[in-house]
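Letter by letter, the chains look like this.
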Amino acid sequence: MDKGAPNIAILGAGVVGLTVADILQKDLGKANITIIADKFKEDTTSAVAAGIFRPGTSFRGATREITQKWIDDSWHYWQDILKSPESPNAGVMAFSSYIFSKDNYHVTRNPFIENLVPIYRPVQEAELKLCGPGWKYGSYFTTLKIGCEKYLPWVERRFVDKGGRIVSDKVDSFTSLRQYDLVFNCTGLGAKYLCNDYDLVPLRGQVIKVKAPWLKTAFYGDYDTYIIPGLDGVATLGGVRQYDSYNLQVCKHDAAAILERCCQMLPALKKAEIIAHKVGLRPHRVPVRVEPEVIGGLKVVHCYGHGGYGVMCSPGTALNAVKIGQDFLKSNIKNKL
Ligand SMILES: Cc1cc2nc3c(=O)[nH]c(=O)nc-3n(C[C@H](O)[C@H](O)[C@H](O)COP(=O)(O)OP(=O)(O)OC[C@H]3O[C@@H](n4cnc5c(N)ncnc54)[C@H](O)[C@@H]3O)c2cc1C
């Protein structure tokens, strides 16, 4: 422990908390940083995600400019890892994707990334037939994905190797953190209770993990149908988006509907071995909350509510949160509870 350095706590060890920790360690140099969480790695929501870099067009920060900056900064953070020898260990992989629709041209467009990723173009007539008959609109784009099954342990190890501390604990109130100079609140859906934040709503998701090492391209169809290739040949099939549902149990009806829709798009999936069914509650909030607050004298920077885009956008929001935190540390507000 460095006696002259600030004591900083990061609440949460999902993709958001760990990425804040990573960036904070790099930017602050001298600091005593502790991650506190009651769930880690495969027990977090982050571990359920397919982790594709494709923001929904409704994804929102405080302004359109802020949102675009989060997305751009995130892309460059992941690109840096992708272009390094660490990419397989960190679970970051590049791939391309088709998005098709039978009745809505607009779902195939994405202004957030059309000028960011190397290729984003309308499909040609022949490509519309790749997933059976009836597809009217489509786009093809190159992107990347972050497999949290690898990224979370990788970034956690990097944090500990650089002197970070990890504590397993549930925090019921910010008053129990009075010994810290600054706290980052990266608790995902947990912030609903910690902050009494009624704008934060669970958006239930369910996916099927299947063995499909032959799958090299992602496919999106109508009604939240997606087929995403993954690390070690394990693909993710989805999905559902159920507003305000707290159900963490696997629903056999959702599973059957997901399988039917995905197999309709790619019949070869009928033979793919099912490895697991997974459920997660996306922490949905409009806008995503990245802002400072003084709670009973304690300096807190909130960074939660990323909905269905927290994996891809964690670096951009983390950079924003860390900048706010650094300014906050220098400010005169006294930490007294
Ligand atoms: C089916 C599905 C598919 C998805 N696909 C994608 C995708 O393709 N791309 C994408 O970018 N995103 C995707 N997401 C969204 C993504 O998973 C989330 O946005 C992201 O995981 C949120 O990360 P987080 O760190 O905020 O939350 P979490 O992963 O839930 O982590 C929260 C952390 O806070 C801790 N915590 C909470 N409350 C407390 C407390 N009181 N005391 C101590 N610790 C606490 C928890 O223990 C945990 O460590 C998907 C989600 C689902 C469910």
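Residues numbered from 1 in each chain as written. Predicted model: local features only at pLDDT ≥ 70, side-chain atom pairs only at ≥ 80, totals over all residues. Heavy atoms only, no water.

Novice: Describe the site of the ligand, listing the residues and the values that go with them.
Specialist: The environment of the ligand is made up of 35 residues, and the closest members are Asp38, Lys39, Ser46, Gly307 and Met312. Residue Ser46 places a side-chain N or O atom 2.5 Å away from an oxygen atom belonging to the ligand. The backbone of Val311 places a nitrogen or oxygen atom 3.0 Å from an oxygen atom of the ligand. When the ligand sits alone it has 1,000 Å² of accessible area, and the protein chains cover 95% of it. Of all elements in the fold, only α1 (15-28), β8 (201-211), β13 (274-295) and α7 (310-330) reach the threshold of two or more residues within the shell around the ligand. For the shell around the ligand, the class distribution of residues is 15 nonpolar, 15 polar and five charged. (Near = heavy atom within 4 Å. Polar contact = N/O pair within 3.5 Å; in protein donor to acceptor, adjacent residues only side chain to side chain. Areas by Shrake-Rupley, 256 points an atom, 1.4 Å probe, with all protein chains shown as cover. Helix = DSSP H or I, 4+ residues; strand = E, 2+ residues; numbered from the N terminus. Nonpolar A, V, L, I, M, F, W, Y, C, P; charged D, E, K, R; others polar.)

Novice: So what about the packing of helix α2 (residues 64-82) against α7? Which residues, and what values?
Specialist: Orientation of α2 relative to α7, taken along the N-to-C sense of each, is 110°, at an axis distance of 7 Å. It follows that α2 is roughly perpendicular to α7 by the angle criterion. Residue-level contacts link Ile66, Trp70, Ile71, Asp73, Ser74, Tyr77 and Trp78 of α2 to Val311, Met312, Cys313, Ser314, Pro315, Gly316, Thr317, Leu319 and Asn320 of α7. Taken together, the residues of the contact of α2 with α7 sort by class into 10 nonpolar, five polar and one charged. (Axes fitted to C-alpha atoms, helices over the stretch in contact; angles between N-to-C directions. Parallel < 35°, antiparallel > 145°, perpendicular 65-115°, else oblique. Contact = heavy atoms within 4.5 Å.)

Novice: Can you explain the environment of Glu260? Please cite residues and give values.
Specialist: The topology assignment puts Glu260 in helix α6 (residues 252-265). Given a relative accessible area of 52%, Glu260 falls into the exposed group. For the pair formed by Glu260 and Asn247, sequence separation is 13 residues and the distance between their alpha carbons is 22 Å. (Buried < 20%, exposed > 50% of the residue type's maximum accessible area, 1.4 Å probe, protein only.)

Novice: Explain the UniProt feature "domain: FAD dependent oxidoreductase" (unreviewed entry) in the protein chain to me, using residue names and the numbers behind them.
Specialist: Residues annotated by UniProt as "domain: FAD dependent oxidoreductase" (unreviewed entry) correspond here to residues 8-318. Taken as a whole, residues 8-318 contains 25% helix and 32% strand, while its terminal C-alpha atoms sit 15 Å from one another. (UniProt positions renumbered as here; feature names shortened; annotations may be inferred.)

Novice: Describe in detail the layout of surface pockets, supporting the description with residues and values.
Specialist: Taken as a whole, the second largest pocket holds about 560 Å³ of empty space. Looking at the lining of the second largest pocket, the elements with two or more residues in it are β3 (92-101), β9 (217-221), β10 (225-228), β13 and β14 (298-306). No other element matches the four residues that β13 contributes to the lining of the second largest pocket. Split by residue class, the lining of the second largest pocket holds 12 nonpolar, 13 polar and eight charged. (1 Å grid on protein atoms, 1.4 Å probe; cavity = no way out; pocket = protein on both sides within 12 Å on 5 of 7 lines; lining within 4 Å. Points joined across faces, edges and corners; volume = space filled by probe spheres on them.)

Novice: Quick one: what's the story with the packing of α2 against helix α4 (residues 148-161), residue by residue and with numbers?
Specialist: Running from N to C, α2 and α4 cross one another at 85°; their axes reach a closest spacing of 15 Å. The orientation of α2 with respect to α4, classified from their angle, is roughly perpendicular. Residues Tyr77, Trp78 and Ile81 of α2 pack against Tyr151, Trp154 and Arg158 of α4. For the contact of α2 with α4, the class distribution of residues is five nonpolar, no polar and one charged.

Novice: Before we move on, can you summarise the environment of Thr217 with the specific residues and values?
Specialist: Along the chain, Thr217 falls in strand β9. Sequence separation between Thr217 and Gly233 is 16 residues, and the spatial gap between their C-alpha atoms is 12 Å. Apart from the residues within four sequence positions on either side, Thr217 is in contact with Ser96, Ser97, Tyr98, Ile227 and Pro229.

Novice: Report on the UniProt feature "binding site: FAD" (unreviewed entry) in the protein chain, specifying residues and quantitative values.
Specialist: Following the UniProt record, the feature "binding site: FAD" (unreviewed entry) maps to Thr45, Ser46, Val171 and Thr187 here. Here Val171 is to be found in the loop between β6 (165-168) and β7 (182-185). In this fold, Thr187 is placed in the loop between β7 and α5 (191-194).

Novice: So what's going on with the pattern of salt bridges? Residues and values would help.
Specialist: Under the criterion given, the structure shown has 15 salt bridges. In this structure, a network of salt bridges that share partners links the residues Asp197, Asp199 and Arg285. (Salt bridge = Lys/Arg side-chain N within 4 Å of Asp/Glu carboxyl O.)

Novice: Describe the packing of aromatic side chains, with residues and values.
Specialist: This model, assessed by the stated rule, comprises 13 aromatic pairs. Summarising the aromatic geometry, the rings of Phe53 and Trp75 are spaced 5.1 Å apart at their centres and angled 70° between planes, so their arrangement reads as edge-to-face. With Phe53 in the loop between β2 (32-37) and α2 and Trp75 in helix α2, the pair connects residues that are 22 residues apart, well separated along the chain. The two residues Phe53 and Trp75 agree in class, both being buried. (Phe/Tyr/Trp six-rings, centres within 6.5 Å; stacked < 30°, edge-to-face > 60°.)

Novice: Account for unusual backbone geometry, with residues named and values stated.
Specialist: For the bond running from Gly238 to Gly239, omega is -5°, close enough to zero to count as cis. Structurally, the position occupied by Gly239 is in the loop between β11 (234-238) and β12 (242-243). In this chain, Val286 is followed by Pro287 through a cis amide linkage whose omega measures -5°. Along the chain, Pro287 falls in strand β13. Non-glycine residue Asp224 carries a positive phi angle of around 60°.

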